[in-house]
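Structure at a glance
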Amino acid sequence: MSRKVSKVFKQSGVIPYRVKNGKIEILLISTRNYQHWVIPKGDIHNGMSPPDSAAKEAWEEAGVIGQVDANELGTYKYRKRGRIYQVKMYLLPVETVSEDYPEANQRKRQWLDVNKAIRRLKFSSLKRILKSFFQSKLIFVHLDADQMNFSIDVYTQCPESEEMP
């Protein structure tokens, strides 16, 4: 017997974040029909790397600009109209938020603390990526008061039962 092999469509997306009043906030956007909260993502454009393509989607869908961290956070899969999509996820520290962007009249956007953002997301596999990154790490935020820039340094916590190498 032969099995039908389903094509998996490759996409990339970002988790846009900022630090406000010392707390990390995640930007979620609505689907075009306003039924679900999601993150900016889309097909990987020809000739573009997944992080660059994800940055393009962040601008088009959410109106945010920043330097995408090229380290992949993880992947998740979802199904839409009979197709299977696999999304590579990256962090995007947001530097600029614009009110005028390509899909401004098609989507809503909302800044939320990490726990609320996780609860609002539609896909459980995407929720796991956020949980594993933002809730299982020690996160140190460095604020540069002169330029109001920030960066996040991540240090993995080892459970007490595990030995350090």
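The model shown is predicted, which means the values in this text are computed figures rather than measured ones. (Residues numbered from 1 in each chain as written. Predicted model: local features only at pLDDT ≥ 70, side-chain atom pairs only at ≥ 80, totals over all residues. Heavy atoms only, no water.)

Section: the overall build of the chain
- Check the secondary structure of the chain and you find three helices and 10 strands.
- In the chain, buried positions account for 40% of the 165 residues.
- When contacts within the chain are restricted to residue pairs at least 6 apart in sequence, those whose partners lie at least 24 apart make up 62%.
- Carbon and sulfur atoms form 46% of the exposed surface of the chain, whose accessible area is close to 10,600 Å². (Helix = DSSP H or I, 4+ residues; strand = E, 2+ residues; numbered from the N terminus. Buried < 20%, exposed > 50% of the residue type's maximum accessible area, 1.4 Å probe, protein only. Contact = heavy atoms within 4.5 Å. Areas by Shrake-Rupley, 256 points an atom, 1.4 Å probe, with all protein chains shown as cover.)

Thoughts on the side chain of E25
- Mapped onto the elements, E25 comes out in strand β2 (residues 23-30).
- Overall, E25 belongs to the buried group, its relative accessible area being 17%.
- A distance of 2.6 Å separates polar atoms of two side chains, one belonging to E25 and the other to R18.
- Leaving out residues up to four positions away in the same chain, E25 has contacts with P16, Y17, R18, K20, W111, L112 and D113. (Polar contact = N/O pair within 3.5 Å; in protein donor to acceptor, adjacent residues only side chain to side chain.)

Notes on the packing of aromatic side chains
- Under the definition given, this model contains five aromatic pairs.
- Here Y78 and Y85 contribute two aromatic rings whose centre-to-centre distance is 5.0 Å and whose plane-to-plane angle is 15°, an arrangement assigned as stacked. Each member of the pair, Y78 as well as Y85, carries the same accessibility label: buried.
- For the ring pair Y78 and F123, a centre distance of 5.1 Å and an interplane angle of 35° mean the geometry is tilted. One end of the pair, Y78, is in strand β6 (residues 74-80); the other, F123, is in the loop between α2 (114-120) and α3 (124-134), with 45 residues separating them in the sequence.
- Taken together through their ring pairs, the aromatic side chains of F9, Y76, Y78, Y85 and F123 make up a single cluster.
- The positively charged end of R18 is found above the aromatic ring belonging to W111, 4.0 Å away from the centroid.
- Its guanidinium or amino end placed over the ring of F9, R83 lies 4.3 Å from that ring's centre, counting from NZ or CZ. (Phe/Tyr/Trp six-rings, centres within 6.5 Å; stacked < 30°, edge-to-face > 60°. Lys NZ or Arg CZ within 6 Å of the ring centre and 35° of its normal.)

Topic: the confidence of the model for the chain
- When the pLDDT values of the chain are averaged, the result is 82; 78% of them are 70 or greater.
- Within the chain, strand β10 (residues 149-156) has the poorest average pLDDT of any element, 46, and strand β5 (residues 64-66) the best, 98.
- Low pLDDT, under 50, characterises residues 137-165; the predicted model gives this stretch 38 contacts beyond four residues in sequence or across chains. (pLDDT = per-residue confidence, 0-100.)

As for the pairing of β6
- Taken together, the seven bridges between β6 and strand β7 (residues 83-97) define a ladder with antiparallel strand orientation. Across the sheet, Y76 pairs through a bridge with V87, a residue of β7.
- Turn length for the β6-β7 hairpin, with the two strands adjacent in sequence and antiparallel, is two residues, and the turn residue R81 shows positive phi of about 50°. (Pairing = 2+ DSSP bridges.)

Things to note about α3
- Listed in full, the buried residues belonging to α3 are S125, L126, I129, L130, F133 and F134. Projected onto a plane normal to the axis of α3, the buried residues spread over an arc of 155° and lie on a single side. (Arc of directions from axis to C-beta.)

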